[in-house]
Amino acid sequence: DRFLTAIDASSPKKWNAYVGAGYMYDTNANQGPSIDSVLMYDLPFTLDQNAKNTRDWAWTLKAGADYSYDMSDEWSWQNSIGVSTIDYRKVNTYDSTNLSLSTGFGYKEGDWTFALPYVVNRIKIGHDKDYYSFSHGIVPQVSYALSQELLLISSLALQKKHYYDNSDRD
């Protein structure tokens, strides 16, 4: 009882850190079809083995930290940084690293919370190029506490995205 009372009396943490590691089996690492041929312009094309469904084992690693600074009872400044990687054993062209950063202000009124973070994401796939895509923008968020155990969250990403090799997709 004293331990639980001490937890209830303590102030909430302003920071959070996490680290995770795993090993996974991906049944379709390259997101290819499992069939031998496809029709394009009504002509059959036989797929190379590398273009078909590829299975592989991979290590996964994640790490990150969050920090929140309370400026008042209603306003806070929220910050986050995180990195995640997938390292395949055989199909190294699909190895990936994702770095994400965010910072922004939050406002809380009763059971409602509003946030407007600025986010930056850098994704690297494979080992040949500096990056696959880079994006930045704002992500307005609204949340409502339905109960102490259930939170309803809505967000919308408004970002500019640049692709290293394919500027037509920007």
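Residues numbered from 1 in each chain as written. Predicted model: local features only at pLDDT ≥ 70, side-chain atom pairs only at ≥ 80, totals over all residues. Heavy atoms only, no water.

Draft legend 1. The arrangement of the pairing of strand β10 (residues 151-155) in detail. Relative to β10, strand β9 (residues 141-145) runs antiparallel, the two being bridged by 5 bridges. Looking at β10, one finds that Val142 is bridged to Ser154. Hairpin connection, β9 to β10: the antiparallel pair is bridged by 5 residues. (Pairing = 2+ DSSP bridges. Helix = DSSP H or I, 4+ residues; strand = E, 2+ residues; numbered from the N terminus.)

Draft legend 2. Summary view of the side chain of Asp56. Positionally, Asp56 belongs in strand β4 (residues 56-70). No salt bridge forms around the buried Asp56; measuring N to O, its nearest opposite-charge neighbour Lys90 is 5.0 Å away. A polar contact of 2.6 Å, which involves the side chain of Asp56, links it to the backbone nitrogen of Lys90. In contact with Asp56, other than residues within four places in its own chain, are Met24, Tyr25, Asp26, Tyr88, Arg89, Lys90 and Val91. (Buried < 20%, exposed > 50% of the residue type's maximum accessible area, 1.4 Å probe, protein only. Lys, Arg positive; Asp, Glu negative; His and termini not counted. Salt bridge = Lys/Arg side-chain N within 4 Å of Asp/Glu carboxyl O. Polar contact = N/O pair within 3.5 Å; in protein donor to acceptor, adjacent residues only side chain to side chain. Contact = heavy atoms within 4.5 Å.)

Draft legend 3. Seen up close, the packing of aromatic side chains. Following the criterion strictly, the structure yields 8 aromatic pairs and no others. Here Tyr25 and Trp57 contribute two aromatic rings whose centre-to-centre distance is 4.8 Å and whose plane-to-plane angle is 50°, an arrangement assigned as tilted. Of this pair, Tyr25 sits in strand β1 (residues 15-26) while Trp57 sits in strand β4, and the two are 32 residues apart along the sequence. With a relative accessible area of 38%, Trp57 lands in the partly exposed category. Measuring from centroid to centroid gives 5.6 Å for Tyr132 and Tyr163, while their planes differ by 85°, and the two rings are edge-to-face. Of this pair, Tyr132 sits in the loop between β7 (112-125) and β8 (133-138) while Tyr163 sits in strand β11 (residues 158-163), and the two are 31 residues apart along the sequence. Overall, the relative accessible area of 33% leaves Tyr132 in the partly exposed class. The rings of Tyr23, Tyr25, Trp57 and Trp59 are connected pair by pair, giving a single aromatic cluster. Above the ring of Tyr163, the side-chain terminus of Arg169 is found at 4.3 Å from the ring centroid. (Phe/Tyr/Trp six-rings, centres within 6.5 Å; stacked < 30°, edge-to-face > 60°. Lys NZ or Arg CZ within 6 Å of the ring centre and 35° of its normal.)

Draft legend 4. Structural context of the pattern of salt bridges. All told, the structure shown has 2 salt bridges when counted by the stated rule. A salt bridge links Lys14 to Asp70; the shortest N-O distance between them is 3.5 Å. With a gap of 56 residues between them, Lys14 in the loop between α1 (2-9) and β1 and Asp70 in strand β4 connect regions that are remote in the sequence. Overall, the relative accessible area of 44% leaves Asp70 in the partly exposed class. Of the charged contacts, one joins Asp165 and Lys129 as a salt bridge, the two residues approaching to 3.2 Å between their closest N and O atoms. Taken together, the positions of Asp165 in the segment after β11 and Lys129 in the loop between β7 and β8 put the pair 36 residues apart, joining distant regions of the chain.

Draft legend 5. Quick peek at the environment of Pro44. With respect to the secondary-structure elements, Pro44 resides in strand β3 (residues 43-46). Residues Pro44 and Ile81, spaced 37 residues apart in sequence, show a C-alpha to C-alpha distance of 47 Å. Those residues within four positions of Pro44 in sequence are excluded, and the remaining contacts are Val38 and Leu39.

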